[in-house]
Amino acid sequence: MAQKKDNGKRIKDKGSSGMKHFFMDERLRFISGAIITGLAFYLLISCVSFLLTWQTDHSVTVLQGLDAKVDNWGGRWGHTISEKIISYGFGFGAFLIPFIFGAIGLKLLNFPKIKVWGAIVKLAFAVLVLSVALSFAFGLSDGYLISGPGGAHGLKITRW
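Bear in mind the structure is a predicted one, so any value in this text is a computation, not a measurement.

Engineer: Got a minute to help me understand helix 5 (residues 116-138) in this structure?
Structural biologist: Owing to its 3.6 residues per turn, the α-helix aligns residues three or four sequence positions apart on the same side. With 23 residues, helix 5 extends 32 Å between its outermost C-alpha atoms, agreeing within 8% with the 33 Å of an ideal straight helix rising 1.5 Å per residue. If you check which residues of helix 5 are buried, you get Val116, Ile120, Leu123, Val127, Ser131, Leu134 and Ser135. Where the residues of helix 5 are buried, they touch helix 3 (75-90), helix 4 (97-108) and helix 6 (151-159).

Here you go:
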């Protein structure tokens, strides 16, 4: 906390520095970095599994309840999230999204030489460009991955 001198005595400043120290606490950074990195790994595994199981799991909906079985390695949540970001999102470009979260998590874990903002900007740009390029090149591709290799985003942009 910031301290001021008043006639030779130190007085604690009761400003917003307490909240700042809470968010800069090393333990909080480590825990949040570990959680974000773990979620990035989980998302990557779910996306890879979605490529293998999307046809069998496509018939499973949220309305079927908790008893519905999915083959995705990430379970129901992994299937749902990966379906949203791959089929209804960015297609194969969505495979870069876990790396964005991974870069943020590793930066919070104090890994050296990770420039987070540069990585986020480059990867986000690559997600968008890859989605549009794959949709332009392959289109719907007979319903592969529901919206084609470029996802719904790329398909809408190329049709526009």
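Engineer: Is there a simple way to think about the side chain of Asn72 in this case?
Structural biologist: Here Asn72 is to be found in the loop between helix 2 (26-57) and helix 3. At 3.3 Å, the side chain of Asn72 forms a polar contact with the backbone oxygen of Ser46. If we skip the residues at most four places from it in the chain, Asn72 touches Ser46, Ser49, Phe50, Thr53, Asp57, Gly78, His79 and Ser82.

Engineer: For this particular structure, what's the right way to read the packing of helix 4 against helix 5?
Structural biologist: When two helices pack together, their arrangement is given by the angle between the helix axes and the distance between those axes. Between helix 4 and helix 5, the least distance of the axes is 9 Å, while the angle of their chain directions is 175 degrees. Accordingly, the angle class assigned to the pair helix 4 and helix 5 is roughly antiparallel. For the pair formed by helix 4 and helix 5, the contact residues are Ile97, Phe99, Ile100, Ala103, Ile104 and Lys107 on the first element and Val116, Ala119, Ile120, Leu123, Ala124 and Val127 on the second. Per-class residue counts for the contact of helix 4 with helix 5 are 11 nonpolar, no polar and one charged.

Engineer: Honestly, the environment of Ser46 in this entry has me stumped. Any pointers?
Structural biologist: Positionally, Ser46 belongs in helix 2. In this structure Ser46 comes out as buried when scored by relative accessible area, which is 1%. Distance from Ser46 to Gly78, taken between C-alpha atoms, is 5.0 Å for residues 32 residues apart in sequence.

Engineer: Would you take a moment to explain the packing of helix 2 against helix 3 for this structure?
Structural biologist: Closest axis-to-axis distance for the helix 2/helix 3 pair is 8 Å, and the angle between their directions is 85 degrees. Classified by the interaxial angle, the pair formed by helix 2 and helix 3 is roughly perpendicular. Counted together, Tyr42, Leu43, Ser46, Cys47, Phe50 and Asp57 of helix 2 and Trp77, Gly78, His79, Ile81, Ser82, Glu83, Ile85, Ile86 and Ser87 of helix 3 form the full contact between these two elements. Among the residues making up the contact of helix 2 with helix 3, the classes are represented as eight nonpolar, five polar and two charged.

How each quantity is defined
- Residues numbered from 1 in each chain as written.
- Predicted model: local features only at pLDDT ≥ 70, side-chain atom pairs only at ≥ 80, totals over all residues.
- Heavy atoms only, no water.
- Helix = DSSP H or I, 4+ residues; strand = E, 2+ residues; numbered from the N terminus.
- Expected span 1.5 Å × (residues − 1).
- Buried < 20%, exposed > 50% of the residue type's maximum accessible area, 1.4 Å probe, protein only.
- Contact = heavy atoms within 4.5 Å.
- Polar contact = N/O pair within 3.5 Å; in protein donor to acceptor, adjacent residues only side chain to side chain.
- Axes fitted to C-alpha atoms, helices over the stretch in contact; angles between N-to-C directions.
- Parallel < 35°, antiparallel > 145°, perpendicular 65-115°, else oblique.
- Nonpolar A, V, L, I, M, F, W, Y, C, P; charged D, E, K, R; others polar.

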